Amino acid sequence: MNNKVRVRFAPSPTGGLHLGGVRTVLYNYLFAKHHGGEFILRIEDTDQSRYVSGAEEYIFETLKWCGLEPDESAVHGGNFGPYRQSERKELYRKYGEELVNKGLAYYAFDTAQELDEMRNRLRTDTNPNPQYDHSVRMQMRNSLSLSKEETDSLLQSNTPHVIRIKIPDNETISFTDMIRGEVSFDTSIVDDKVLLKGDGMPTYHLAVVVDDYLMQITHAFRGEEWLPSSPVHILLWRYLFGEEAMPQWAHLPLILGPNGKLSKRDGAKYGFPVFSMNWQDPKTGEVTEGFKERGFLPQAFINMLAVLGWNDGTEQEIFTLDELAAKFTIEKVHKGGAKFDYEKAKWFNHEWIKKLPASQYINEVKKEFENKGLSNINHDYFERILNLVKERCTLLSDFYPQSYFFFKSPVEIDNTPIKAKWNQDKSAFFSTFAKALTSISDWNATSIETLFKQLAEQASIKAGELQLPLRLMLVGGKFGPPVFEIADILGKEETVARIHYAVDLFDK
RNA sequence: GCCGCGUUCGUCUAAGGGUUAGGACACCACCCUUUCACGGUGGUGAUACGGGUUCGAAUCCCGUACGCGGUACCA
């Protein structure tokens, strides 16, 4: 076995991927690339009752959009498959039985009712959540409390059962987390977790250990909600494959919403996306909005997630994926949970819209224009416009309101900003200007502006006083890029037509 | 309840015994610009609390508070 870095992201296909999930993918990916290692995607679909159709496809689409393609997965292939735990079902039982044979685990025949009964019986104010552990295991129906004969006969008659790990009591288990350092637990408060379920599927606890071993995972990153169950996993490693073979672990801090743990409800409540892409629940039809559809660039989304809980030690904040891969180290991951800030997320997107040439996102924007009824847009013309207005756009969806006027002549113009100062002289100026424009031979922003200023001086009107009216004529509102640039792009004919139209309107 | 993890401006964070506690987002002011932005300059604003250790603590130790997570045949 070589010592090449191998990491995995192991989602459970139960719905859309939210911020925290994508960040976990990202950190896995960055760590792998940083070390020239491999990034594996493993689907943890061991709970058939929670399976949601479409969720797996969604995960792959998200990775594609983000540019975080796995080296190995159910769709990318690889030598350590299958990469779906449901397809590995047969593998797990033998490890469970190996543990039972070694006396480190046991068969348990308790029904759901019996478990309820035990918990109700033991529940008190100081122990609201009784566990199935060393203190009660001998009172339950399992291969420890039952005789060998009873157990065998139950097994032979196919009595539904699970395999539980037999957690030793009074032992301290510790490990070194790459982010948190030394962490330890007392096993007497750990319960005898189910390893193999009644339906023959493994639980997460068994599956993650077996698969991380079989897939030769060297470093494992997961959310900090897993920290409390780490002693179970360590014991499993010790019992099955040896602790030396165990991957190094890093428990990532959680991403929080405005009120604690970030949930998709927060998105609806506070008006920001929490999923990477739109997710429609196949059962309820409910749609949860995604960053993609909100108008985020994948580069910005990734960048924002990367620095939510990580920094490279300098003051740099804008990073490309390649830069991140080059600079990412797990030691620089912050220990505390991070509250997601939508305002800052938007800032990242704005920065990326400005940084990238419009050609990188022109197709997405064009799609939106088409949806709004503007089709047959000339590609080069459109690209020029996007580059001109991009610094005013925070989201991709801002491009339409910032530039639709290039494609639609203003019809109703609100002239209140200039109404008080509009007079005969100005009206005359614009008529002269329009006429003069017709004969410009070299049509560009500078020549238009020069002409405009010359004529203004001849008419003894301050050029500044004429700029806002001109803007209103060409744009229809008090916004947009520099007026002469607009005239330049609009072209001679259209510019002149808009001026004539508006002069008539303002004169009324 | 018990166990674990965490805690620096409103938010994301830097500073791993000696700094006027730095940067970014947001906010405010001014400049640039006779649109809206971009940009520039400046400003408001933080080491949760209490004890130690030390010449010296945001930094190390202990306690408290608060937050989050876990306590399923879910992951």
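Criteria and thresholds
- Residues numbered from 1 in each chain as written.
- Chains lettered and ligands numbered in written order.
- Predicted model: local features only at pLDDT ≥ 70, side-chain atom pairs only at ≥ 80, totals over all residues.
- Heavy atoms only, no water.
- Helix = DSSP H or I, 4+ residues; strand = E, 2+ residues; numbered from the N terminus.
- Rg over C-alpha atoms; globule rule 2.2 N^0.38 Å.
- Buried < 20%, exposed > 50% of the residue type's maximum accessible area, 1.4 Å probe, protein only.
- Contact = heavy atoms within 4.5 Å.
- Areas by Shrake-Rupley, 256 points an atom, 1.4 Å probe, with all protein chains shown as cover.
- Domains from an automatic or database assignment.
- UniProt positions renumbered as here; feature names shortened; annotations may be inferred.
- Polar contact = N/O pair within 3.5 Å; in protein donor to acceptor, adjacent residues only side chain to side chain.
- Pairing = 2+ DSSP bridges.
- Phe/Tyr/Trp six-rings, centres within 6.5 Å; stacked < 30°, edge-to-face > 60°.
- Lys NZ or Arg CZ within 6 Å of the ring centre and 35° of its normal.
- 1 Å grid on protein atoms, 1.4 Å probe; cavity = no way out; pocket = protein on both sides within 12 Å on 5 of 7 lines; lining within 4 Å.
- Points joined across faces, edges and corners; volume = space filled by probe spheres on them.
- Nonpolar A, V, L, I, M, F, W, Y, C, P; charged D, E, K, R; others polar.
- Axes fitted to C-alpha atoms, helices over the stretch in contact; angles between N-to-C directions.
- Expected span 1.5 Å × (residues − 1).
- Salt bridge = Lys/Arg side-chain N within 4 Å of Asp/Glu carboxyl O.

Moving on to the overall build of chain A. Counting secondary structure elements, chain A contains 21 helices and 14 strands. Over its C-alpha atoms chain A spans a radius of gyration of 32 Å, topping by over 25% the 23 Å that the globule rule assigns to 508 residues. Seen through its C-alpha atoms, chain A measures out along the principal axes to roughly 110 × 45 × 40 Å. By the burial criterion, 51% of the 508 residues in chain A qualify as buried. Of all intrachain contacts in chain A linking residues separated by at least 6 positions in sequence, the fraction that spans at least 24 positions is 71%. Accessible area for chain A stands at about 23,800 Å²; split by element, carbon and sulfur atoms hold 48% of it.

On domain assignment, one finds that chain A holds domain 1 (88-206), domain 2 (358-408) and domain 3 (416-507). Between the C-alpha centres of domain 1 and domain 3 the distance comes to 81 Å.

The UniProt record marks residues 369-502 with the feature "domain: Aminoacyl-tRNA synthetase class I anticodon-binding" (unreviewed entry), using the residue numbering of this structure. Between the end C-alpha atoms of residues 369-502 the distance is 25 Å, and the span holds 63% helix and 0% strand.

What follows covers the side chain of R498. Relative to the assigned elements, R498 resides in helix α21 (residues 492-507). Judged by relative accessible area, R498 falls into the buried class, the value being 4%. Within the structure, the side chain of R498 is placed 2.8 Å from the backbone oxygen of F405, a separation counted as a polar contact. Among residues more than four places away in sequence, those in contact with R498 are F405, F406, K408, S409, P410, M473, L474 and L490.

What follows concerns the environment of G477. With respect to the element layout, G477 can be found in the loop between α19 (463-475) and α20 (483-490). Residue class for G477 comes out buried when judged on its relative accessible area of 11%. Excluding anything up to four places from it in sequence, G477 contacts R471 and L472.

Further remarks concern the pairing of strand β3 (residues 105-108). Going residue by residue along β3, you find A105 and Y107 tucked away on one face and Y106 and A108 tucked away on the opposite face as well. When β3 meets strand β4 (residues 162-165), the two strands line up antiparallel, connected through 4 bridges. Bridged to A108 within β4 is V162.

For the rest of this paragraph, the subject is the packing of aromatic side chains. Tallying each qualifying case throughout the model produces 40 aromatic pairs. Centroid distance F272 to Y342: 5.8 Å. Interplanar angle 25°. Geometry classified as stacked. Separated by 70 residues along the polypeptide, F272 in the loop between α8 (264-270) and β12 (279-280) and Y342 in helix α12 (residues 342-355) bring together distant segments of the chain. Each member of the pair, F272 as well as Y342, carries the same accessibility label: buried. Both rings, one in F340 and one in Y342, keep their centres 6.5 Å apart while their planes meet at 50°; by these two values the pair is tilted. On the basis of relative accessible area, Y342 is assigned to the buried category, the value being 10%. An aromatic cluster of three or more residues is present, and its members are F369, Y381, F382, Y400, Y404, F405, F406, F407 and F479. Sitting over the face of the ring of F80, R6 holds its NZ or CZ atom 3.9 Å from the ring centroid. Lying across the ring of Y400, K372 places its NZ or CZ 4.9 Å from the centre.

This paragraph deals with the pairing of strand β6 (residues 181-186). Where strand β5 (residues 172-177) lies against β6, 6 bridges are found, and the strand directions are antiparallel. Note on β6: the bridge partner recorded for T172 is D186. In sequence, β5 turns back onto β6 through a hairpin of 3 residues.

A word on empty space enclosed by the protein. Under the counting rule described, the total for this entry stands at 1 cavity of 30 Å³ or more. Taken as a whole, the largest cavity holds about 30 Å³ of empty space. As for the largest cavity, its lining consists of R8, V208, V209, D212, R222, H233, W237 and W249. Among the secondary structure elements, those contributing two or more residues to the lining of the largest cavity are α6 (204-214) and α7 (230-240). The dominant element in the lining of the largest cavity, judged by the number of residues it contributes, is α6, at 3 residues. Split into classes, the residues belonging to the lining of the largest cavity amount to 4 nonpolar, 1 polar and 3 charged.

In space, the 3 strands of this open sheet follow the order β3-β4-β7, with antiparallel pairing throughout. In this open sheet, the two strands that pair with only one neighbour each are β3 and β7 (194-196). Looking at each pair of strands side by side, their axes are set apart by 40° on average, direction ignored.

Quick look at helix α1 (residues 19-34) now. With 16 residues, α1 should cover 22 Å at 1.5 Å per step; its first-to-last C-alpha distance of 22 Å lies within 8% of that length. With 14 of 16 residues buried, α1 lies mostly within the body of the structure.

Another aspect to go through is the layout of surface pockets. One simple way to see leftover space: roll a probe sized like a water molecule over the atoms. Its boundaries defined by the atoms lining it, the largest pocket holds a volume of some 1,400 Å³. Forming the boundary of the largest pocket are 47 residues, of which P11, S12, T14, H18 and E225 lie nearest the centre. The leading source of residues in the lining of the largest pocket is α1, at 5 residues. Residue composition of the lining of the largest pocket, by class: 19 nonpolar, 15 polar and 13 charged. Taken as a whole, the second largest pocket spans an internal volume of roughly 410 Å³. When residues of the lining of the second largest pocket are traced back to their parent elements, those giving at least two are α9 (291-294), α10 (298-306) and α13 (362-371).

The full count for this structure, using the stated rule, is 32 salt bridges. Across the pair E171 and R238 runs a salt bridge, and its minimum N-O distance is 2.8 Å. One end of the pair, E171, is in the loop between β4 and β5; the other, R238, is in helix α7, with 67 residues separating them in the sequence. Overall, R238 belongs to the partly exposed group, its relative accessible area being 33%. The salt bridge involving R294 is made with E289; its shortest N-O contact spans 2.9 Å. With relative accessibility at 29%, the residue E289 sits in the partly exposed group.

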